[in-house]
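Next come the chains, spelled out residue by residue.
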Amino acid sequence: MKQIPTTRLFLLLAACTAFSTGCNKSSDTADRYTAIKEAFGTRIDPNNLADYANQGKPAYINKDNTAGNGITDAKATLGRVLFYDKRLSIDNTVSCGSCHNQRFAFGDTAAASMGVQNGLTIRHSMRLVNARYSDEVRFFWDERAATLEQQTTQPIQDHAEMGFSGRNGRPAFSALLAKLSDVGYYRELFQFVYGDMSITETRLQECLSQFVRSIQSFDSRYDAGRAQTAIEQQPFPNFTPQENTGKNLFLLPPQFNGTGVRVGGGLGCAGCHAPPEFAITPGSGNNGVIGILNGNGIDINNTRSPSLRDLAGPNGQPNGPMMHNAVFRTLQSVIEHYGRITLAPGNTRLDPRLRPNGSVQQLNLNQTEVDAVAAFLRTLTGNAVYTSEKWSDPFR
């Protein structure tokens, strides 16, 4: 029998070993994510992540409240799973996505959102689109969360919303962490993202806030017009005359007489919702809407708002009722509210910008102006945010 030279035999053995090792490595990689694959199919694939970290945005967008929690594809992907997972509620019936629906720019068409065991939110669910693009770093209508990170887990611990309150016989937040640790796809996802399976509140906050900050909308008709125009006050070539009129009314400050009555100029909306982000300015007071959702009395502490982008949906209708108490259901009614501000007894936090010369604002609006501003607000609506798979429910 012919012998194989020692050197050649060594090379053959080495090649076989390398081939075998490579096959095992490939098999190991596939086996590592079996629970993820079983739960999500191809919708969540650790080896082929959606782009969250490197999304483009217009050069004129400058405001950003990301701070030290920059978006990564891996953490935002885990945040997407957490956002839509009903296991984050005590009875597996409610997720973050239940109250923040992609079809409505991550808002809700109900005045009060349904929580666990017939619980209801005490304020209307705020739209989350473009939550990242603001100088305001505080969240919730009353700004009780100092950061978006802190905000993300507070609804989970709310007794009525997702129920891990630790009150009245309900489990505390620690029970949720233990619950998620028993879920196979979370063990695999946390191992993939962090290198170990430890599930903590800090990690949940980090990933949820990254997913929320990734939700952006910059493909509106406003953005198309802004890209073609050097100065925002100039007419946008893709706007109708009514929309350009509404834009100027939105941008220009009003001129008031000594008793707060508008005698010229625009409506001054940009004084609180400055373009191109259209976010609320930090340190704002309340806007004169102080009613309580499903109750009596007053609530003067609501001083934040979402971006005005995607205030309306692609069909031109509002993405749900507006204000913290859902009191307005049309764009025209919101604009008319600012036309004549009422200072109710007990409201000590009305924004000074709504009290020109010490008197409550009276804009003397006519229907043409109201309709023009409403038409302009509809130009702030994008497209992809309503349909993009990377922001969709991976459990469906």
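Notes on the structure in this doc start here.

About the criteria used
Residues numbered from 1 in each chain as written. Predicted model: local features only at pLDDT ≥ 70, side-chain atom pairs only at ≥ 80, totals over all residues. Heavy atoms only, no water. Helix = DSSP H or I, 4+ residues; strand = E, 2+ residues; numbered from the N terminus. Buried < 20%, exposed > 50% of the residue type's maximum accessible area, 1.4 Å probe, protein only. Contact = heavy atoms within 4.5 Å. Lys, Arg positive; Asp, Glu negative; His and termini not counted. Charge placed at Lys NZ, Arg CZ, Asp CG, Glu CD. 1 Å grid on protein atoms, 1.4 Å probe; cavity = no way out; pocket = protein on both sides within 12 Å on 5 of 7 lines; lining within 4 Å. Points joined across faces, edges and corners; volume = space filled by probe spheres on them. Nonpolar A, V, L, I, M, F, W, Y, C, P; charged D, E, K, R; others polar. Polar contact = N/O pair within 3.5 Å; in protein donor to acceptor, adjacent residues only side chain to side chain. Phe/Tyr/Trp six-rings, centres within 6.5 Å; stacked < 30°, edge-to-face > 60°. Salt bridge = Lys/Arg side-chain N within 4 Å of Asp/Glu carboxyl O. Axes fitted to C-alpha atoms, helices over the stretch in contact; angles between N-to-C directions. Parallel < 35°, antiparallel > 145°, perpendicular 65-115°, else oblique. Pairing = 2+ DSSP bridges.

**So, the overall build of the chain**
Across its full length, the chain holds twelve helices and four strands. For the chain, the C-alpha atoms occupy an extent of roughly 110 × 55 × 35 Å along the three principal directions. Burial analysis of the chain (396 residues in total) assigns 53% to the buried set. Relative to all contacts within the chain whose residues are 6 or more apart in sequence, the contacts with residues 24 or more apart total 65%. Counting 38 positive and 35 negative side-chain charges, the chain places the averaged centre of each group 1 Å from the other.

**Thoughts on the layout of surface pockets**
Estimated volume of the largest pocket: approximately 850 Å³. What lines the largest pocket is a set of 47 residues, and nearest its centre among them are His273, Asn287, Leu308, Met323 and Tyr338. Within the residue set of the lining of the largest pocket, elements represented by two or more residues are helix H10 (241-251), strand S1 (254-256), helix H11 (331-339) and helix H12 (367-378). In this structure, the second largest pocket spans a volume of roughly 560 Å³. Lining the second largest pocket are 37 residues, with His100, Met126, Phe140, Gln151 and Pro155 positioned closest to its centre. Secondary-structure elements contributing two or more residues to the lining of the second largest pocket are helix H4 (96-99), helix H5 (148-153) and helix H8 (201-214). Of all the elements, H5 adds the most residues to the lining of the second largest pocket, at three residues. When its residues are assigned to classes, the lining of the second largest pocket shows 20 nonpolar, eleven polar and six charged.

**Brief notes about the side chain of Asp85**
Examined against the element boundaries, Asp85 turns out to sit in the loop between helix H3 (73-84) and H4. Side-chain polar atoms of Asp85 contact the side chain of Tyr186, separated by 2.7 Å.

**With respect to helix H7 (residues 184-194)**
All buried positions along H7 are accounted for by Tyr185, Tyr186, Glu188, Leu189, Phe190 and Val193. Downstream of H7 by a residue or two, Gly195 has a phi angle that is positive, lying close to 85 degrees.

**Description of the packing of aromatic side chains**
One pass over the full model with this rule turns up 21 aromatic pairs. For the pair Phe83 and Tyr84, a centre-to-centre distance of 5.1 Å together with 75 degrees between the ring planes defines the contact as edge-to-face. A ring pair is formed by Tyr222 and Phe236, whose centres lie 5.7 Å apart and whose planes are at 45 degrees; its orientation type is tilted. Placement of the pair is Tyr222 in helix H9 (residues 221-227) and Phe236 in the loop between H9 and H10, with a sequence separation of 14 residues. On the basis of relative accessible area, Tyr222 is assigned to the buried category, the value being 0%. The exposure class of Phe236 is buried, given its relative accessible area of 1%. Through a chain of ring-to-ring contacts, the aromatic side chains of Phe40, Tyr185, Tyr186, Phe190, Tyr194 and Phe395 assemble into a single cluster.

**Some thoughts on the pattern of salt bridges**
One pass over the structure, following the stated rule, counts 15 salt bridges. Across the pair Arg309 and Asp223 runs a salt bridge, and its minimum N-O distance is 2.9 Å. Of this pair, Arg309 sits in the loop between strand S4 (279-280) and H11 while Asp223 sits in helix H9, and the two are 86 residues apart along the sequence. This pair shows no difference in class: Arg309 is buried, exactly as Asp223 is. One connected set of salt bridges, linked through shared partners, spans Arg123, Asp142, Arg144 and Asp299.

**Things to note about the packing of H10 against H12**
With their axes 7 Å apart at the nearest point, H10 and H12 run at an angle of 95 degrees to one another. Our classification of the angle between H10 and H12 gives roughly perpendicular. Residues Gln242, Glu243, Thr245, Gly246, Lys247, Leu249 and Phe250 of H10 form the contact with H12, whose participating residues are Glu369, Asp371, Ala372, Val373, Ala375, Phe376 and Leu377.

**Re unusual backbone geometry**
Cis geometry is found at the peptide bond from Pro275 to Pro276, where omega equals 10 degrees. Relative to the elements of secondary structure, Pro276 occurs in the loop between strand S3 (273-274) and S4. Here Ala105, not a glycine, exhibits a phi torsion of approximately 55 degrees, which is positive. Mapped onto the fold, Ala105 is located in the loop between H4 and H5.

**Regarding the pairing of strand S2 (residues 262-265)**
Examined bridge by bridge, S1 and S2 share three bridges and lie antiparallel to one another. Directly across from Gln255, in S2, lies its bridge partner Gly264.

**Side note on the side chain of Arg170**
Positionally, Arg170 belongs in the loop between H5 and helix H6 (173-181). Reaching out from Arg170, the side chain makes a polar contact with the side chain of Gln117 at a distance of 3.0 Å. Aside from chain neighbours lying at most four places away, what touches Arg170 is Ile90, Val116, Gln117, His159, Ala160, Gly163 and Ser165.

**Here's the deal with the environment of Val360**
Relative to the elements of secondary structure, Val360 occurs in the loop between H11 and H12. Residues Val360 and Gly288 lie 72 residues apart in sequence; the distance between their C-alpha atoms is 9.9 Å. Ignoring sequence-local partners within four residues, the contact set of Val360 consists of Thr259, Gly260, Ile341, Leu343, Leu350, Leu354 and Arg355.

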